[in-house]
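Descriptive structure summary
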Protein chains: 2
Amino acid sequence: MPPKASTTPDPEARPPGRTVRITDVAAAAGVSAITVSRALNTPDRLTKATLRRVLSAVDRLGYVPNLMAGALASRRSRMIVAIVPTIATPMYADALQAFTNAMSQAGYHVVLGLGGFDRREEEQLIITLLGRQPDGLLLVGSAQSAEAKKRLAEAGIPTVEIWGDASPRADLQVGFSHAGVGEAVANHLCDRGYRSFGIVSSDDIRAMERLDGFRRTVERRGGRLAVQRLMAPPSTIMEGRRSLAPLLRALPEGGAVFCSSDLLAAGLLIEAGASGVAIPAELAICGFGDLEIGQAMKPALTTVSVDGAEMGQLAARCMTDRLAGNPIPRRIIVPVEIIQRETT
Amino acid sequence: MPPKASTTPDPEARPPGRTVRITDVAAAAGVSAITVSRALNTPDRLTKATLRRVLSAVDRLGYVPNLMAGALASRRSRMIVAIVPTIATPMYADALQAFTNAMSQAGYHVVLGLGGFDRREEEQLIITLLGRQPDGLLLVGSAQSAEAKKRLAEAGIPTVEIWGDASPRADLQVGFSHAGVGEAVANHLCDRGYRSFGIVSSDDIRAMERLDGFRRTVERRGGRLAVQRLMAPPSTIMEGRRSLAPLLRALPEGGAVFCSSDLLAAGLLIEAGASGVAIPAELAICGFGDLEIGQAMKPALTTVSVDGAEMGQLAARCMTDRLAGNPIPRRIIVPVEIIQRETT
DNA sequence: TTGTAGGCGTTATCAA
DNA sequence: TTGATAACGCCTACAA
């Protein structure tokens, strides 16, 4: 007898290769599409029995909801766009990692935008990523152009800026005063008796603000800024190593140097170790960021602790609270602390 | 005269607060919606004149296409999901960064999935992220469960696994043999005359494969594996520092140690420097990853160079070629090289 | 508690 | 070269 198409159509039959849709599940469970939707999104609003029936069908068919379609219909994408200059720097990477994990817990996915250190590109990135209809935006150390700002405002979605600064640029902020950090470091070093100072720093915008605070305070307290090395980000250990000699030359009587990154400071320490320069006797060093490398060096690095991961987490909390309509503070100042170790 | 609604309706007027849609642009430019779509996607298929008219309207209205709607209609999301265990590790971060940049160039956005080192979670992540309808998937050092594999196959999208290994798990692979690396390191150390060996390693799956290769080769060449310290990822410098003492105890006559990460090796070097242990005379050290810290240490670290950024880039090329329908090799082996510096 | 009708904003398809 | 029409797969709003 020749094989013949079944006369009672199998409710689970589909043209092979076609992906499983919500209507397939509905048919298999003997309910309507909307009931399947509810089973997945608001399960409490269904009878235990139907819920079970639907979920079992979901399972059997291996149904994976098309989130794009859902987003289009509900106007909620459950995606957050995160724009970061780079993730090759541990500080930003930690922040993004913590943020992504926390948002993921809350059912959001993160779209990654790598802005680099170029304004034009970052702006373009913001605009195209806005086309993804994100429910929110995370900006890490991003300087926004006027155009980008306008678009953000029009998008009408919560925007959290972390790693931020005193001057409010974004909707919501999680950060600290960079100038204040510079000031605190200068005070710390002056208090410990240093009078001559050096700077080794990347020239990115945040670092420059820290330097401003540092310089002003050093000056006010009668210190002398003898030398300053600026370089393009990202900071590297090698740049730090190369900086030791010029620093010692400019500070022949000793002094203290403020580095814009623990990486630079670690380079200084390595070079000092290699060439027998006593730290802090011949040169005191203060870093920034409290990276693992700083605590692990010998002598251990005095530095400024800023917890990138904590900022990421706080940003996520802000974001989810805001998305849930809960009232939240517009600005959160995270604690920043000078960790006195062995290099000052 | 009282203000009165204009009788010739402004083609650019919209209820305020409503976002600009393609039909708004169409109306403003005096064309149909599909023409606007074409102006943006296939500009060559339009008259110069209409193209100009449309683009000017796009500009004037600040139209940003809704990519979700476009994706739904075209069945191409122009999104790639990247699943990485962590970005707190420079090696993975570099790979992801290079990949994201390259894909961005090609007009794709990357959705970030942080898998951690937990299988169950990673699997769940793969499934929900598949709901985003990505056009492709990047797996970085991901071990796929059977269930996840099935879903991936059903999704029918290109999957590139980087940081991969000899055993093909994914559709496409960009990687190298981890066991081969262990073997090469063992050979290198034996060739240089070392006979007693130690291991300091994280216990993640890739590292373990490298260790297997290392052990087998050491044994074959008559060496002796005297000590082995395994720890949970991620590797830290501090763990390295703490490992020196036990290592020296187990290797009183000297020997060589293979670390699963340059971070661990750097810790060993720092501790050695602090306690006056001569490297490599009292202990030779070989790292893995060729991170900046290794080259920047004094003495400079012998290590295995694996270029994470290059893998990311190659993966992106694979992905775009495949998406464009170009034929590509199923496996790309990236060169892995032992960089002999001062610690062996 | 469940279902029906309609629309989310875009692009594929076919026609002019 | 341009346009009309009909999906894409799901969810909101309302009704039963």
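This section reports on the structure supplied with the text. (Residues numbered from 1 in each chain as written. Chains lettered and ligands numbered in written order. Predicted model: local features only at pLDDT ≥ 70, side-chain atom pairs only at ≥ 80, totals over all residues. Heavy atoms only, no water.)

1. Quick word on the interface of chain B and chain A
Many structure descriptions define interface size as the accessible area lost when the parts assemble. This is how it is decided: We call two residues in contact whenever any of their non-hydrogen atoms come within 4.5 Å of each other. Summed over both partners, the accessible area (1.4 Å probe) lost when two parts come together is defined as the buried area. Pairing of N or O atoms within 3.5 Å defines a polar contact, subject to two protein rules: one partner must be a possible hydrogen donor and the other a possible acceptor, and residues neighboring in sequence count only if both atoms are side-chain atoms. Under the DSSP-based scheme used, a helix requires at least four consecutive residues in state H or I and a strand at least two consecutive residues in state E, with every element numbered from the N terminus. Two strands are said to pair when DSSP picks up at least two bridges between them.
Opposite the 48 residues of chain B that make contact, chain A presents 48 residues. Note on chain B versus chain A: buried area summed over both sides is about 4,300 Å², and carbon and sulfur give 63% of it. Here chain B and chain A share 27 residue pairs in polar contact (both at pLDDT 80 or more) between them. Within the residue set of the side of chain B that touches chain A, elements represented by two or more residues are helix H4 (67–74), helix H5 (90–105), strand S2 (109–114), helix H6 (119–130), helix H10 (237–250), helix H11 (262–275) and helix H12 (292–296) of chain B. In this structure, strand S2 (residues 109–114) of chain A lies alongside S2(B), joined through three bridges in antiparallel fashion. Among the inter-strand pairings, A:Val111 is bridged to a residue of S2(B), identified as B:Val111.

2. Regarding the packing of helix H4 (residues 67–74) of chain A against H4(B)
Rules: Between the N-to-C directions of two axes lies an angle of 0 to 180 degrees, each axis being a line fitted to C-alpha atoms and, for a helix, fitted only over the stretch in contact. In this scheme, roughly parallel covers angles under 35 degrees and roughly antiparallel covers those over 145, while 65 to 115 is roughly perpendicular and the rest are oblique. Crossings are sorted by hand: turned counterclockwise from the far helix by less than a right angle, the near helix makes the crossing left-handed, and turned clockwise it makes it right-handed. Residues are grouped as follows: Ala, Val, Leu, Ile, Met, Phe, Trp, Tyr, Cys and Pro are nonpolar; Asp, Glu, Lys and Arg are charged; every other residue, Gly included, is polar.
At a closest axis distance of 9 Å, the pairing of H4(A) and H4(B) adopts a crossing angle of 130°. Taken together, the axes of H4(A) and H4(B) are oblique relative to one another. Between H4(A) and H4(B) the crossing geometry is left-handed. Only B:Met68, B:Ala69, B:Ala71 and B:Leu72 of H4(B) make contact with H4(A), whose side of the interface consists of A:Met68, A:Ala69, A:Ala71 and A:Leu72. Its residues placed into classes, the contact of H4(A) with H4(B) shows eight nonpolar, no polar and no charged.

3. Some details on unusual backbone geometry
Excluding glycine, residues mostly have negative phi values, and the peptide bonds linking residues are mostly trans. With an omega dihedral of 5°, the bond running from A:Ile279 to A:Pro280 counts as a cis peptide bond. If you trace the backbone, A:Pro280 turns up in the loop between helix H11 (262–275) and strand S9 (284–286). Between B:Lys298 and the following residue, B:Pro299, the backbone shows a cis peptide bond with an omega angle of 0°. Here B:Pro299 lies in the loop between H12 and strand S10 (303–305). Despite not being glycine, A:Gln133 shows a phi value in the positive range, around 60°. One can find A:Gln133 in the loop between helix H6 (119–130) and strand S3 (136–140).

4. Regarding the protein's contact with DNA strand D
Heads up, the condition is: The cutoff for a nearby residue is simple: one of its non-hydrogen atoms must lie within 4 Å of the molecule or strand.
In the vicinity of DNA strand D, 24 residues are found, and the nearest of them are A:Ile22, A:Ser37, A:Tyr63, B:Thr35 and B:Thr47. By atom count, sugar and phosphate contribute 70% of the portion of DNA strand D lying within 4 Å of the protein. A distance of 2.4 Å separates a phosphate oxygen of DNA strand D from a polar side-chain atom of B:Thr35. Between DNA strand D and B:Arg38, the relevant distance is 2.6 Å, taken from a base nitrogen to a side-chain nitrogen or oxygen of the residue. For the surface near DNA strand D, the secondary-structure elements that each account for two or more residues are helix H2 (33–41) and H4 of chain A together with helix H2 (33–41) and H4 of chain B. The greatest single-element share of the surface near DNA strand D, amounting to four residues, is contributed by H4(A). Grouping the amino acids of the surface near DNA strand D by side-chain chemistry returns 11 nonpolar, nine polar and four charged.

5. Some points on the sheet that holds strand S9 (residues 284–286) of chain B
Residue and element names in this part refer to chain B. Taken in spatial order, the four strands line up as S7-S6-S8-S9 in an open sheet, and their pairing is parallel. Of all strands in the sheet, those with a lone pairing partner are strand S7 (224–231) and S9, marking the two edges. Across the sheet, the axes of successive neighbouring strands diverge by a mean angle of 15°, strand direction being ignored. Pairing between strand S6 (residues 196–202) and S7: seven bridges, direction parallel. Within S7, the position partnered with Val200 by the bridge is Arg229. The strands touched by helix H9 (residues 205–220) within the sheet are S6, S7 and strand S8 (256–259), with S6 carrying the most contacts at an inclination of about 170°. Where H10 meets the sheet, it contacts S6, S7 and S8, and its direction lies at approximately 155° from that of S7.

6. A short note on helix H3 (residues 48–61) of chain A
Residue and element names in this part refer to chain A. Note the following rule: The span one expects for a helix is its residue count, reduced by one, times 1.5 Å. Buried residues are those whose accessible area, probed at 1.4 Å on protein chains only, stays under 20% of the maximum for their type, while exposed residues exceed 50% and partly exposed ones sit between those limits. Note: the arc covers the axis-to-C-beta directions of the helix.
For H3, spanning 14 residues, the distance from its first C-alpha to its last is 20 Å, which sits close to the expected 20 Å at 1.5 Å a residue. Along H3, the residues that are buried comprise Thr50, Leu51, Val54, Ala57, Val58 and Leu61. The buried side chains of H3 occupy one side of the element, clustering within an arc of 130° when seen end-on. In H3, those exposed residues whose orientation departs by more than 90 degrees from the buried face are Lys48, Arg52 and Asp59. Tucked into the core, H3 has its buried residues touching helix H1 (22–29) and H2. Gly62, located one to two residues past H3, shows a positive phi value of around 65°.

7. Description of the pairing of strand S3 (residues 136–140) of chain B
Residues and elements named next belong to chain B. Most of S3 sits inside the fold, with five of its five residues counted as buried. Because side chains alternate across S3, one face comprises the buried residues Gly136, Leu138 and Val140, and the other comprises Leu137 and Leu139, equally buried. By the bridge criterion, four bridges tie strand S1 (residues 79–84) to S3 in an arrangement that is parallel. Bridging from a neighbouring strand, Ala82 pairs with Leu138 of S3. Judged from the four bridges that link them, S3 and strand S4 (residues 159–164) form a sheet pairing that is parallel.

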